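Given next are the chains, with one letter for each unit.
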Amino acid sequence: MAIKEKSGIKKYLRLNKFPHIWCGGCGNGIVLRGILQGIDDLGLEQNKIVMISGIGCSSRMPGYVDFNTLHTAHGRAIAFATGVKLAKPDLHVIIITGDGDCAAIGGNHLIHAARRNIDLTVVILNNSIYGMTSGQYSPLTPYGSFATTAPYGNIEQSFDLCELVSSAGATYIARSTTYHAMQIPKLIAAGIENSGFSFIEIILHCHTYYGRKNKIGGPVEMMEWQKSHAVPISKKGSNIDMTGKFYIGELKKTRSPEYCKTYDELISATQRRKES
Amino acid sequence: MKKEYKLLQGNEACVEGALMAGVSFFGGYPITPSTEIAESLASRLPLTGGKFIQMEDEIGSIAAVLGASLTGAKAMTATSGPGFSLMQELIGFACITEIPCVIVNVQRLGPSTGGPTSPAQGDMLQARWGTHGDHNLIALCPTSIEETFYHTIKCFNLAEEYMVPVILLMDEVIGHMRERIKIPDQKELMIINRQQPSMPPEEYLPYRADERGVAVLANFGKGYRYHVTGLIHDETGFPTNDPKETSKLIRRINYKIENAKDKLLDFQKDNTEDAELIIFAYGSTARSALRSAHEAREQGMKVGTFIPKTIWPFPEKAIFELAEKVKTIMVCEMNLGQLVYEVERAVKGKARVELLSKASGELITPKDIMKKVVEVYN
Ligand SMILES: Cc1ncc(C[n+]2csc(CCOP(=O)(O)OP(=O)(O)O)c2C)c(N)n1
């Protein structure tokens, strides 16, 4: 991605760490750009941003950005982030995770962070496959799709992570795709601004593994699929046939007490009680 | 100065020690026989402005502890065998990224759910070798309630000084037994806080170790923006595949502990000068050992004791020196034999090594030890 000299996001990149490890044509870079644009739009102080990831292709993102960055273990990013945020609530904590990292091995941490409504912003890069380990199926691989560990087609059902975190208690939920790149910064900024658990799912292509295994083609064909299957949430209620399709945009915006703030109130209350 | 005396359980003494050391974050998941530590910190931490969180499992607990530690918090967790096993992957992460933390393991009988309320010393080797890959860490083992208090403070000090996870290996007896202890004034104690960089951020390299081989990690949010990864990294903190850098890192995180051994080792030797037989015992078992050694002396047998307080690194030199002088070293442990292998390795054939083991969920009594002493003395 060619970044103009004047672009506000260049200052957030560790340019000496490029070229990145991602395949040519990978969607991760598009998401990275959207995230940095969202951060820049908010004008957050760089020193106060912590970016935390698990393990996977997508989880290598923090290495390329000039924040406080923490590349943890597979599935554990949200649990590390919980410790960072609770210990230092003035830090903005952003989590980068993949569909395997977040929905399989890290699923339990996802549920409980959402339930606590702790002020974290989780960006899940959902490419429907395990990229880093070369193409095994994930909990978000569609039924019938092919993967190296589903050579006869996937016989497991996938599920809607946005609905999961919604029922668990997340207060901001959004979805977009790499085709809708221009929408990503706005969703990221709104997620960071929400005082509570924010969850942003970006559907993106992994042409190297998912695309090839399923004979869908390259990045262009896969992004065209995104375009034709994404339905803006504003159209909900109209009689569009949603079979195989998904909504994009802001899916949920609500308010409930944020965990760290509640904890700080508890500290004040116990200390007042101690004094009196 | 008026001293404060308290009748405390081991788990409570651990909490008092942690608070003295400046603990400001606890993340944990309830498990017998460690639960009192979590319960007590849940009520005590808010009073000092600290944070307590009950995580969804022990993997989450250690992860939250490491995250909190990176912001500069003195962070700890407490668990028992099953939870300790769940933490192992991230204990390795803490070793390679050099994030300090304190992990308390109040040991119960295992494997698996085993005997939740029964004492055991079955995790002595798991503490050292439970995580994968070449790594090194520190583990202490208290024999009394007072020692639990001081060892907990020491765990925090060592974690901060060597930027390493430090494990406090208690057992159910020590965790639940009550003894009167003297709580010192905090001013009398040495409290160590981790180093912080002093150079300008553009010159800062988080993993350019100091002369002891220890990394200097800036607290997150303080203007030093750097990268922490469990991948092999060079002194910049970023991943590398260079075999030279790989070997340098793996060796450094091991030798920073190995090279500090003389400073780290703590053990208690009693009546070893003229001894023919040494009882090697640790944790609650050491209490029975001291009593038996005393009785044996009264019966005219030249028996001494060696009680390691630092388990890892292991005090092999001190044991070798003893082995050169005595006939027999008798290892007593509440397992089928774990540290006995370390003792055999340290003794290098210079003395006979005998094992008294018990894995019935009961503690080793002075009577058990006396019986064995009489059996193996000659
Ligand atoms: C405990 C553990 N189990 C397995 C792995 C191997 N592993 C590394 S990345 C990965 C899957 C990554 O897939 P995803 O989270 O979807 O991210 P992507 O690479 O597609 O961005 C797996 C299984 C690991 N690193 N750690």
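Quick summary incoming for the structure in this document. The structure presented is a predicted model; accordingly, all values stated were derived computationally and were not measured.

## Points about the site of the ligand
Near the ligand, the surroundings consist of 17 residues, among which Cys 57, Ser 58, Gly 100, Asp 101 and Gly 131 of chain A are the closest. This site is not confined to one chain, since residues near the ligand come from chains A and B. A distance of 3.1 Å is found between an oxygen atom of the ligand and a backbone nitrogen or oxygen belonging to Ile 129 of chain A. One of the backbone nitrogen or oxygen atoms of Gly 131 of chain A is found 2.8 Å away from an oxygen atom of the ligand. For the ligand, whose unbound accessible area comes to 600 Å², protein coverage reaches 76%. The element that contributes the greatest number of residues to the shell around the ligand is helix 3 (residues 99-105) of chain A, accounting for four residues. Taken together, the residues of the shell around the ligand break down into six nonpolar, eight polar and three charged.

## Considerations on the pattern of salt bridges
All names here are of chain B. In total, this model carries 33 salt bridges over all chains according to the counting rule given. Notably, a salt bridge pairs Glu 98 with Arg 252, separated by 2.7 Å at the nearest N-O pair. Of the two residues, Glu 98 sits in the loop between helix 4 (81-97) and strand 5 (101-109) while Arg 252 sits in helix 8 (residues 243-258), which places them 154 residues apart along the sequence. On the basis of relative accessible area, Arg 252 is assigned to the buried category, the value being 16%. Overlapping salt bridges, with partners in common, bring together Glu 258, Lys 261, Glu 316, Glu 342 and Arg 345 in one network.

## Some thoughts on the nonpolar core
By size, the foremost hydrophobic cluster in this structure holds 140 residues, and its most contacted members are Phe 197 and Phe 199 of chain A together with Met 76 of chain B. With residues up to four places along the chain from it excluded, the contact list for Met 76 of chain B reads Cys 14, Ala 18, Val 23, Phe 25, Phe 26, Gly 27, Ile 37, Leu 41, Val 65, Val 102, Val 104 and Phe 156 of chain B. Counting 30 residues, the second-largest nonpolar core is a separate cluster that includes Trp 22, Leu 36, Met 51 and Val 123 of chain A.

## Quick look at the side chain of Lys 85 of chain A
Residues and elements named next belong to chain A. Looking at where Lys 85 falls in the secondary structure, it is placed in helix 2 (residues 77-87). Engagement of the side chain of Lys 85 in a polar contact is seen with the backbone oxygen of Pro 89, the distance being 2.8 Å. Polar contacts involving the side chain of Lys 85 include one to the main-chain carbonyl oxygen of Leu 91, which spans 2.8 Å. When residues no more than four places from it in sequence are discounted, the contact partners of Lys 85 are Leu 91, Val 93, Ile 118, Asp 119, Leu 120 and Cys 260.

## Examining the sheet that holds strand 11 (residues 267-270) of chain B
Residues and elements named next belong to chain B. Judged by pairing direction, the sheet is mixed, and its five strands sit side by side in the order 11-13-12-15-16 without closing on themselves. The sheet is open, and its two borders are formed by strand 11 and strand 16 (352-357), each paired with just one other strand. Averaged over all neighbouring strand pairs, the angle between strand axes comes to 20°, with direction disregarded. As paired elements, strand 12 (residues 277-281) and strand 13 (residues 303-308) share four bridges and run parallel to each other. What sits directly across from Phe 280, in strand 13, is Phe 306. Seen against the sheet, helix 10 (residues 284-298) touches strand 11, strand 12, strand 13 and strand 15 (328-333) and runs at an angle of roughly 165° to strand 13.

Definitions and limits used
- Residues numbered from 1 in each chain as written.
- Chains lettered and ligands numbered in written order.
- Predicted model: local features only at pLDDT ≥ 70, side-chain atom pairs only at ≥ 80, totals over all residues.
- Heavy atoms only, no water.
- Near = heavy atom within 4 Å.
- Polar contact = N/O pair within 3.5 Å; in protein donor to acceptor, adjacent residues only side chain to side chain.
- Areas by Shrake-Rupley, 256 points an atom, 1.4 Å probe, with all protein chains shown as cover.
- Helix = DSSP H or I, 4+ residues; strand = E, 2+ residues; numbered from the N terminus.
- Nonpolar A, V, L, I, M, F, W, Y, C, P; charged D, E, K, R; others polar.
- Salt bridge = Lys/Arg side-chain N within 4 Å of Asp/Glu carboxyl O.
- Buried < 20%, exposed > 50% of the residue type's maximum accessible area, 1.4 Å probe, protein only.
- Core = buried A, V, L, I, M, F, W, Y, C linked by side-chain atoms within 4.5 Å.
- Contact = heavy atoms within 4.5 Å.
- Pairing = 2+ DSSP bridges.
- Axes fitted to C-alpha atoms, helices over the stretch in contact; angles between N-to-C directions.

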